Amino acid sequence: MNNQLPQQPEAKTWSQRFERALHPAIEEFNASIGFDIELIEYDLNGSGAHAKMLARTGIISAAEKSQLLAGLEQIRSEYRQGKFQPGIDAEDVHLAVERRLTEIAGDVGKKLHTARSRNDQVGTDTRLYLRDQIEQIRTQLRQFQEVLLDLAEVHVETLIPGYTHLQRAQPLSLAHHLMAYFEMAQRDWERLGDVWKRVNISPLGCGALAGTTFPIDRQYTAEELGFASVYGNSLDGVSDRDFAVEFCCSASLIMVHLSRLSEEIILWASREFGFVTLSDRCATGSSIMPQKKNPDVPELVRGKTGRVFGHLQALLVLMKGLPMAYNKDLQEDKEALFDSVKTLKACLQAMTILLREGIEFRTERLEKAVASDFSNATDVADYLAARGVPFREAYNLVGKAVKTSLAAGKLLPDLSLEEWKALHPAFESDIYQAIAPRQVVAARNSYGGTGFEQVRKAIQAGRDRLATVSGG
Ligand code: ARG
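Each value, and the rule that gives it
- Residues numbered from 1 in each chain as written.
- Predicted model: local features only at pLDDT ≥ 70, side-chain atom pairs only at ≥ 80, totals over all residues.
- Heavy atoms only, no water.
- Helix = DSSP H or I, 4+ residues; strand = E, 2+ residues; numbered from the N terminus.
- Buried < 20%, exposed > 50% of the residue type's maximum accessible area, 1.4 Å probe, protein only.
- Contact = heavy atoms within 4.5 Å.
- Near = heavy atom within 4 Å.
- Polar contact = N/O pair within 3.5 Å; in protein donor to acceptor, adjacent residues only side chain to side chain.
- Areas by Shrake-Rupley, 256 points an atom, 1.4 Å probe, with all protein chains shown as cover.
- Nonpolar A, V, L, I, M, F, W, Y, C, P; charged D, E, K, R; others polar.
- Expected span 1.5 Å × (residues − 1).
- Arc of directions from axis to C-beta.
- Axes fitted to C-alpha atoms, helices over the stretch in contact; angles between N-to-C directions.
- Parallel < 35°, antiparallel > 145°, perpendicular 65-115°, else oblique.
- Left-handed = near helix turned anticlockwise from the far one by under 90°.

(A) View of the environment of Cys206. Turning to its location among the elements, Cys206 is positioned in the loop between β3 (201–202) and α8 (218–224). Residue classification places Cys206 among the buried residues on the basis of a relative accessible area of 0%. Taking the C-alpha atoms as reference points, Cys206 and Gly237, 31 residues apart in sequence, are found 6.3 Å from one another. Cys206 has contacts with Asp120, Gly211, Arg218, Tyr231, Asn233, Ser234, Gly237 and Val238, leaving out every residue within four places of it along the chain.

Below, the structure is given as structure tokens:
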């Protein structure tokens with residue numbers, strides 16, 4: 001075995017058919033090694049399974065298989081030690097590995113590519129990569145959900161103004177507000193599980209586009225690599241990137257959810273809202289204004305959302321005009337995919353840390369906030385409606401009460417019982433209790449509502465979901 005790393009760049013794998021060397025700028029333009037090195041471990045795994053299959057089907061000998069496998073493992077350890085750094089001349093990760101394998105194992109290295117094309121190879125690698133990444137992202141989503149549950153548990157009885165149209169609407173349990181994000185993350189987790197199923201199909205053995213003349217065993221390589229099934233049409237197998245689009249779509253939705261939460265935290269941290277303070281662990285200062293503490297983390301998450309949407313758009317446009325089957329355009333899928341994965345993972349991690357130790361709810365201010373507005377007006381109407389007054393009539397009466405109170409600089413609890421009775425004789429002294437913010441929240445005990453009892457049930461249901469294996 002030759003253990004020396006190459007000193008001189010070699011001729012291209014495919015260069016025999018060509019008379020002149022590639023223009024250096026074109027060589028660089030064409031190469032994907034700068035980014036697809038990210039796939040190397042998956043490429044080694046895919047190649048290992050392929051080598052085993054070649055031996056099983058008698059296409060190569062058992063001894064040759066062993067040499068190939070040993071060579072592939074040597075490349076893996078060289079890579080992990082930072083010793084395998086192929087240059088631009090290697091073109092892509094697949095050719096870089098094959099070239100190094102041939103240096104290590106000699107001529108037998110040249111047998112690895114029997115009954116295979118880089119077209120089915122790259123599809124295999126990309127799917128193996130994404131399958132792994134989806135598993136990691138789903139674990140991160142679980143951690144995010146756990147932090148939301150922990151926070152919700154602490155804040156069942158903390159009140160926060162609820163908004164529609166960014167106008168104060170009805171008070172809420174803060175836990176209910178947080179649990180809305182738990183539900184979004186649950187859908188994200190499920191959706192990625194669904195995408196995973198379509199990622200987990202093997203294109204290996206589709207060849208360049210039409211299959212192969214060798215007696216290969218596609219089921220075997222699929223099983224070796226943990227794929228649930230194989231593509232049934234070789235053209236589709238080598239050119240399908242639906243799974244990448246679906247992933248970017250799911251990633252975009254996760255970013256939508258993280259960005260919405262970010263926007264809320266940014267608002268809450270403002271002096272105008274003053275609902276949270278940012279801890280020093282996750283906030284930064286201004287280089288010129290000494291009083292400032294900036295919500296950089298949620299701002300960055302909100303900002304990074306755009307690039308993930310961009311990658312989704314890029315993939316859709318990439319695919320829309322492609323004739324069958326493989327086209328080099330497909331090399332462009334990788335950076336979009338890799339950056340989506342990296343951005344998403346970084347944002348999920350940052351938001352989880354932010355929720356865990358980066359923000360503190362200012363419960364007293366929240367308490368005051370819900371007591372200083374007309375967000376209990378619906379409850380006055382409901383009070384009358386429960387006593388037989390048609391809701392629309394009750395609604396109009398309360399509208400009047402809000403108008404006169406506003407003019408007098410009062411809130412609804414400031415009205416005297418005489419004033420209430422003047423509005424409608426059905427009012428009794430229990431109106432004060434009915435419109436106290438805590439009661440207003442507690443009373444919304446319909447399924448899925450903000451009533452404390454419902455919220456506690458929702459948190460428990462969330463915990464149960466995380467505890468079950470399927471998590472559905
Ligand atoms: N680097 C290529 C890609 O990322 C690998 C497949 C190349 N296939 C080919 N026939 N040139 O898509």
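(B) Representation of the site of the ligand. Around the ligand sit Ser32, Asp36, Asp92, His94, Arg118, Asn119, Val122, Tyr326, Gln331 and Lys334, and those are all the residues in its vicinity. In the environment of the ligand, a nitrogen atom lies 2.9 Å from a nitrogen or oxygen atom belonging to the side chain of Asn119. Within the side chain of Gln331, a nitrogen or oxygen atom sits 2.7 Å from a nitrogen atom of the ligand. Coverage of the ligand by the protein chains reaches 86% of its 350 Å² of free accessible surface. With three residues, the single largest contributor to the shell around the ligand is helix α6 (residues 118–154). Of the residues that constitute the shell around the ligand, the class distribution is two nonpolar, four polar and four charged.

(C) Region of interest: helix α19 (residues 452–467). For α19, which comprises 16 residues, the first-to-last C-alpha distance of 23 Å matches the rise-based estimate of 22 Å (1.5 Å per residue) to within 8%. Turning to α19, its buried residues number three or more, namely Phe452, Gln454, Val455, Ile459, Gly462, Arg465 and Leu466. The buried residues of α19 occupy an angular sector of 160 degrees when the element is viewed end-on, so they sit on one face. Buried residues belonging to α19 abut α6, β1 (159–164), β2 (167–173), α7 (174–199) and α18 (437–442).

(D) Highlighting the packing of helix α3 (residues 40–56) against α6. As a packed pair, α3 and α6 sit with axes 9 Å apart at the nearest point and diverge in direction by 120 degrees. On the basis of their axis angle, the class for α3 and α6 is oblique. In this structure, the crossing between α3 and α6 has a hand that is right-handed. Counted together, Tyr42, Asp43, Gly46 and Ser47 of α3 and Gln121, Asp125, Leu128, Tyr129, Asp132 and Gln133 of α6 form the full contact between these two elements. When its residues are assigned to classes, the contact of α3 with α6 shows three nonpolar, four polar and three charged.

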